[in-house]
Structures are given as C-alpha cells and as structure tokens.
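Examining the three-dimensional arrangement
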Amino acid sequence: ADPTRRDLLDRLRQRDGQTLTELESVLKMTRFGVMKHLDVLEAANLVITRKVGRFKYHYLNTAPVQELVDRWIEPITRQPLTRALLDLKSTLEGETDMPAATKPDFMLETFIRTTPQKLWEALTSAELSKQYHFAKAAFTGKVATGEHYEFLRPEGGVMLSGTILEADPYNRLEMTFVPGWGDGERKASRNVYELQPMGSLTKLTVLHFDIPPGYEGVAEGWAQIVASLKSFLETGQALDFSQGVAA
C-alpha cells in the first residue's frame, strides 16, 4: 500500500533490471530509504535480484502478480471485448547475431511443488509442453548442446525455434529464442531456465537476455506460460488464457 513501493514497481515495469543507484536517482529519499523499500518488496517476492560483477540488478517478478490475476481478476474479465482491451501482448520479430549479454533484460521466479526431474520433463517434452503452453505449442527436438529445437503449433507451423546452447539436465537449460511470427527480419534473443531443489519445491527462474527495444511484450507470455506450467504440475490442470478458465 505504500506509494513509494508502488512507484518502485511501476519503474521496474517500465524498465526492468535497474540498479539501486538508478532507482535512487528518481526518488526523493536517501539511499538507505530506497533499500528498505526494496527489502520489503523482495520479502514479498515482488522484486527479485541478480548480481553481475559489482552491480545488483532489480527485476519485477511477474509470477505472483499473474497468480493474483488468475485467482481474483481473470474471472471478472472473461468477456471477449474486455479481454481484448486488456491484451498486452506484443509481437517479437527478427533474427540477429547473439551479443554477449551480462545481465538479463527480463527475470521471473516462482516455486513449484514438484521435483527438478518432473519440471525438466515438462519443459522438454512435446506431449507435456503442449498441454500447458498458452498456444498449445509442442517442444520438439533433441535436448543437447548444439541441437536445434522448435515449438510447433497444433494446426501446423513453427511458433518458436532456436539452438540449445547448454543442456544440464534438472539444473539449467539455455537456448536461443527466434519467434516464428511477425513480419520482417526476426531477431534472436536468448532465454535460460534455472532449476533449484528447495525441499518439496523446485525454484524455477526464467531469464531472457538481449530483448530488442519494443519487444518487451514477451514478459506477459513468460508470465502466462510459467503460471500455467505451475498449475499443470501441481494440480494436473493447465490454465486456458484464451477463455479465462482452467483447461
């Protein structure tokens, strides 16, 4: 409820991955005051951080926000016209050489009541991925470094493709990300899944690097995929975002 914390969340929504110095520069309070507000947001899992070198970058964690939407807001917005007005997806396009990125442009973190083995299978299985993916696209390809992969639409055609850059089963999966939709040159970016066992839970961290300006709409796609994946693994039911109800 604090206006400063709401302001911090808004600023991270507008531009993710900011340092404490960047956030402090636009707020009329001391560095210590900003740190206290960020600590509260981190404790609530609304902000997550990534340290690269001597810098600590802050990201809006959309996973708990998406869960709030699914539980309380989505049932109110099931009318097609309302859903269309609230649809914030943007189109990714193009392909380019991969620059060496040091900090992610987007970061999401959630905890799923499952094992790393079952989560890994869900991420890399054609049969499972199409059940929770918002477009019912199925992951196909050999999960090994240097191999090509695709997400195939149920009606045919490639929704997404790329190359596996690193495959460490049950721990880390890194790949290039080339969308199969949109017009013009399609630029490649890079996404990473990090899996960490936490007792009966597995922490899933999704990172997306090298997102070109104007392509930030990919964040909503990640939020929906991860929310549906969590529901699928924990309850056996995926989320159907086209209808606003569980599939």
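Below or above, wherever it landed, is the structure these notes cover. If you're wondering where the values come from, they're calculated on a predicted model, not measured in any experiment. (Residues numbered from 1 in each chain as written. Predicted model: local features only at pLDDT ≥ 70, side-chain atom pairs only at ≥ 80, totals over all residues. Heavy atoms only, no water.)

**Structural notes on the overall build of the protein**
Looking only at helices and strands, the protein has eight helices and 11 strands in total. Taking as baseline every contact in the protein between residues at least 6 positions apart, the subset at least 24 positions apart corresponds to 52%. Total accessible area on the protein stands at roughly 12,900 Å², and carbon and sulfur atoms take up 53% of it. (Helix = DSSP H or I, 4+ residues; strand = E, 2+ residues; numbered from the N terminus. Contact = heavy atoms within 4.5 Å. Areas by Shrake-Rupley, 256 points an atom, 1.4 Å probe, with all protein chains shown as cover.)

**Side note on helix α8 (residues 218–235)**
The end-to-end C-alpha separation of α8 is 26 Å, in line with the 26 Å expected for 18 residues at 1.5 Å each. Most of α8 sits inside the fold, with 15 of its 18 residues counted as buried. Following α8 by one or two positions, glycine 236 has its phi on the positive side, about 85 degrees. (Expected span 1.5 Å × (residues − 1). Buried < 20%, exposed > 50% of the residue type's maximum accessible area, 1.4 Å probe, protein only.)

**Topic: the side chain of asparagine 191**
Tracing the backbone through its elements, the reader meets asparagine 191 in strand β8 (residues 189–198). Accessibility expressed as a relative area gives 1% for asparagine 191, which makes it buried. Discounting residues that sit within four places of it in the chain, asparagine 191 has contacts with Tyr149, Leu173, Glu174, Met175, Thr176, Phe177, Leu207, His208 and Trp222.

**Structural notes on the pattern of salt bridges**
Pairing between side chains becomes possible if they bear opposite charge and their charged atoms approach one another. Applying the stated criterion across every chain yields a total of 14 salt bridges. A salt bridge links lysine 56 to glutamate 42; its shortest N-O distance comes to 3.9 Å. One end of the pair, lysine 56, is in strand β2 (residues 55–60); the other, glutamate 42, is in helix α3 (residues 31–43), and 14 residues separate them in sequence. For lysine 56, a relative accessible area of 39% gives the class partly exposed. (Salt bridge = Lys/Arg side-chain N within 4 Å of Asp/Glu carboxyl O.)

**Examining the pairing of strand β5 (residues 148–152)**
Residues Tyr149 and Phe151 line the buried face of β5, whereas the alternating positions His148, Glu150 and Leu152 sit on a face that is not buried. Of the strand pairs in this sheet, strand β4 (residues 138–141) and β5 are connected by four bridges, and their pairing is antiparallel. Bridge assignment links alanine 138 to a residue of β5, and that residue is leucine 152. What sits between the antiparallel neighbours β4 and β5 is a turn of six residues, in which glycine 146 has the positive phi angle 90 degrees. One ladder, built from five bridges, connects β5 with strand β6 (residues 158–168); its direction is antiparallel. (Pairing = 2+ DSSP bridges.)

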